[in-house]
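# Summary of structural features
So you can see what is in the structure, the chains are spelled out below.
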Amino acid sequence: PSSEYEELRRRLRNDVQEMWYYISAELNKFKKHIDEFTYDQREKEIQDVMKNAWEHKKSLIINIDKLKKADGYDEWREKEAKDLSDLVQKRFRYLQNPADCNKAKKLICSLNKGCGFGCQIHHITYCFLVAYGTERTLVMKSKGWRYHKDGWESVFKPLSDTCLSTTGTSHSNWPGDSSKQVISLPIVDNVYPKPRSQPPSVPADLAPRLEKIHGHPLVWWVGQVLKYLMRPQDHVKRTLEKAKEKLGFKKPIVGVHVRRTDKVGTEAAYHDIDEYMIKVEQYFDQLETKPDVKRVFLASDDPKVITTSRKRYPNYEIIGDPEIAETASVAKRYSDTSLQGIIIDIHLLSECDYLVCTFSSQVCRVAYELMQTFYADAYDRFTSLDDIYYYGGQNPHPHVAILDHKPRKNGELELKAGDLIDVFGNHWDGFSKGYNIRTSMTGLFPSFKVKNPVDAVDFPKYSNIPL
Ligand code: GDP
């Protein structure tokens, strides 16, 4: 297929989704404004319009998905995604396994950033991307890890078979220069100058292929790094298999992540389980062939979420382990047991057909990134109740307006095609909030009128690895 065809196909699906967000949100607003005398009658009318609009939307999505199956390119998509993954995994292995560790150029990173597992995984991913961008072998310091005193290798395979030593003849802190054998990289919050190879950059030599194959190349790229980094040790593999069996983890299944405890009220708002389940219900309703059981895998740092939702939703099969959730709660978080729990939860979330969560949580963002390694393109297999996808500490990266917009109401933002827009968030009601760099104005604009362009940056070519 041409790149243009693939882009239009994704845009069409996104337009339908955004139109549904808009219409359903507007209808809900009307409901709030009806007077009490005509309430029953009016409410029923609005409810009927909502149901009909949903049927329209469902049919459109099903047909767009069928068109993709019928266009004859699916085999190509699968093969291209696999070829790309094989290629970058080969480059990663080459980078991480220098012939002579005593002479190799190295980048040193410490795993122990003072934050949770998802945040630490993203920290190591950022280090890995800087290593890739500077052609240095990443060496991780992880002894005394807050989740396990023995460090990374207690659960994941070492990053290298040939080179785990941090020693070298010359040292420097970031940025250093190419003559230094060993460079230490600080956490992303303190890094200066900002490395060009950190997100949202993707390698320019792969960018055209990635843009064609995937709706969100950055997420694909990060997913590939996670695939390399998070290779489980054999005992962890067995633990994952056992957990799946014990829980009865089977497809079709929707993954729900509910982040509570310390996050609520500080970094994210509270969302009732009902808000998640509306999205789960819509996912199942939109399937052309209905499954016998509506199965949900529920992960949380609050065990009550699992017990409550089982009571409240008896027509669902809700699987999840309240004991894992208990060890995940803020009071009991940093131990080998909670480490096992979070590895199981993230892995199972990533293996689901669809994710419903809050992207403000790094747990769900890691699951979404890993999910990309199981499909040619899984960029739209999620609903976030709050943030759009982002990479913590990423370099600034504006969206681009693809359609003009004339404000109709106070608070709306004017757009001209080509304008650069810093997007603060999608309100999931048809509108997003952003800052127009051309006009220096902030406001709301229809979300479907902008796109997220790929940030292609020249990385080392790794040309000894054949394309
Ligand atoms: P964030 O704070 O949600 O952005 O994500 P972090 O991963 O940085 O920190 C949250 C930590 O809380 C995780 O690493 C886990 O230790 C724990 N946690 C949060 N949600 C879950 C969950 O659903 N399951 C498990 N097992 N642990 C969780």
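The structure contained in this document is the topic of the report that follows. (Residues numbered from 1 in each chain as written. Predicted model: local features only at pLDDT ≥ 70, side-chain atom pairs only at ≥ 80, totals over all residues. Heavy atoms only, no water.)

## As for the site of the ligand
Rules: Consider each residue's heavy atoms; a residue with any of them within 4 Å of a molecule or strand counts as near. Identification of polar contacts relies on pairs of N or O atoms within 3.5 Å, with a donor-acceptor requirement for protein atoms, meaning one able to donate a hydrogen and the other able to accept it, and with residues adjacent in sequence counted only if both atoms are side-chain atoms. The protein chains shown are the only cover counted for residues, whose accessible areas, like all others here, come from Shrake-Rupley with a 1.4 Å probe. Polarity classes work like this: nonpolar for Ala, Val, Leu, Ile, Met, Phe, Trp, Tyr, Cys and Pro, charged for Asp, Glu, Lys and Arg, and polar for all others, with Gly in that last group.
If you check the shell around the ligand, you find 21 residues, and the closest are Gly118, Tyr147, Arg259, Asp345 and Ser361. Within the backbone of cysteine 119, one N or O atom sits 3.2 Å away from an oxygen atom of the ligand. Between the ligand and isoleucine 342, the relevant distance is 3.4 Å, taken from a nitrogen atom to a main-chain nitrogen or oxygen of the residue. Protein contact buries 96% of the 560 Å² of open area that the ligand shows by itself. The residue inventory of the shell around the ligand, partitioned by class, reads eight nonpolar, eight polar and five charged.

## A few points about the sheet that holds strand β4 (residues 182–184)
Put simply, the test is: Strand pairing requires that DSSP identify at least two bridges connecting the strands. We count a stretch as a helix when DSSP gives it H or I for four or more residues in a row; a strand needs E for two or more, and each element gets its number in order from the N terminus. A fitted line through C-alpha atoms serves as each axis, taken over the contacting stretch for helices, and the angle formed by two N-to-C directions is quoted from 0 to 180°.
Taking strand neighbours across the sheet as the criterion, the four strands line up as β2-β1-β4-β3 in an open arrangement whose pairing is parallel. The sheet is open, and its two borders are formed by β2 (137–141) and β3 (171–173), each paired with just one other strand. Neighbouring strand axes in the sheet, compared pairwise and without regard to direction, differ in orientation by 25 degrees on average. Sheet topology places β3 next to β4; three bridges connect them, and they run parallel.

## Examining the packing of helix α3 (residues 74–96) against helix α6 (residues 217–229)
The test is simple: Note on angle classes: values under 35 degrees are labelled roughly parallel, values over 145 roughly antiparallel, values of 65 to 115 roughly perpendicular, and the remainder oblique. For any pair of crossing helices, the crossing counts as left-handed if the nearer helix is rotated counterclockwise from the farther one by less than a right angle, and right-handed if it is rotated clockwise. Only heavy atoms enter the contact rule, under which two residues are in contact if any of them lie within 4.5 Å.
For the pair α3 and α6, interaxial distance at closest approach is 10 Å and the crossing angle is 50 degrees. Our classification of the angle between α3 and α6 gives oblique. Seen from above, α3 lies across α6 with right-handed handedness. In this structure, α3 contributes Ala81, Leu84, Ser85, Val88, Gln89, Phe92, Arg93 and Gln96 to the contact, and α6 contributes Trp220, Trp221, Gln224, Val225, Lys227 and Tyr228. By residue class, the composition of the contact of α3 with α6 is eight nonpolar, four polar and two charged.

## Considering a nonpolar patch on the surface
Heads up, the rule is: Within the patch definition used here, like charges are joined within 9 Å and nonpolar side chains (Val, Leu, Ile, Met, Phe, Trp, Tyr) within 5 Å, considering only residues with over 30% relative accessible area and no salt bridge. The salt bridge definition used is simple: a Lys or Arg side-chain nitrogen within 4 Å of an Asp or Glu carboxyl oxygen. The buried label applies to any residue whose accessible area, calculated with a 1.4 Å probe on protein chains only, is under 20% of its type's maximum; exposed applies above 50%, and partly exposed to all values in between.
There is a patch of nonpolar side chains on the surface, built from Met19, Tyr22, Ile23 and Leu60 and spanning about 340 Å² of accessible area. Counting residues per element, the nonpolar patch draws most heavily on helix α1 (residues 3–32), at three residues. Looking at methionine 19, the relative accessible area reads 45%, which means it is partly exposed.

## A few points about the sheet that holds strand β15 (residues 450–451)
The strand order across the open sheet built from five strands is β14-β13-β12-β11-β15, with neighbouring strands paired in antiparallel fashion. The outermost strands of the open sheet, each flanked by one partner alone, are β14 (441–446) and β15. Judged from the two bridges that link them, strand β11 (residues 399–401) and β15 form a sheet pairing that is antiparallel. Across the sheet, valine 400 pairs through a bridge with lysine 451, a residue of β15.

## Looking at the environment of tyrosine 283
With respect to the helices and strands, the residue tyrosine 283 is situated in helix α8 (residues 273–285). For tyrosine 283, a relative accessible area of 16% gives the class buried. Spatially, the C-alpha atoms of tyrosine 283 and phenylalanine 382 are 9.6 Å apart, while their sequence positions differ by 99 residues. Residue contacts for tyrosine 283: discarding those within four places in its chain leaves Val254, Asp353, Tyr354 and Arg381.

## Regarding the pairing of β14
The sheet contact formed by strand β13 (residues 431–436) and β14 spans six bridges and is antiparallel. Pairing of lysine 433 across the sheet is with leucine 444, part of β14. Here β13 folds back onto β14 in antiparallel fashion, the turn holding four residues, of which serine 440 has a positive phi close to 55 degrees.

## Topic: the environment of phenylalanine 249
Looking at where phenylalanine 249 falls in the secondary structure, it is placed in the loop between α7 (234–247) and β6 (254–258). Using a relative accessible area of 10% as the deciding quantity, one classes phenylalanine 249 as buried. Measuring from C-alpha to C-alpha, the distance between phenylalanine 249 and phenylalanine 297 comes to 7.6 Å, with 48 residues separating the pair along the chain.

## Considering the nonpolar core
Test applied: In plain words, nonpolar cores are sets of buried Ala, Val, Leu, Ile, Met, Phe, Trp, Tyr and Cys residues tied together by side-chain atoms within 4.5 Å.
Phe117, Leu138, Leu185, Trp221, Leu229, Phe297 and Tyr368 are the most contacted members of the largest nonpolar core, which totals 86 residues. Among the elements that line this core, the one with the most residues is helix α4 (residues 117–134), at 10 residues. Dropping the residues within four chain positions of it, leucine 185 is found in contact with Leu107, Ile108, Cys109, Tyr126, Cys127, Val130, Trp174 and Val191. Membership of the second largest hydrophobic core comes to 20 residues, among which are Met277, Ile306, Tyr313 and Ile318.

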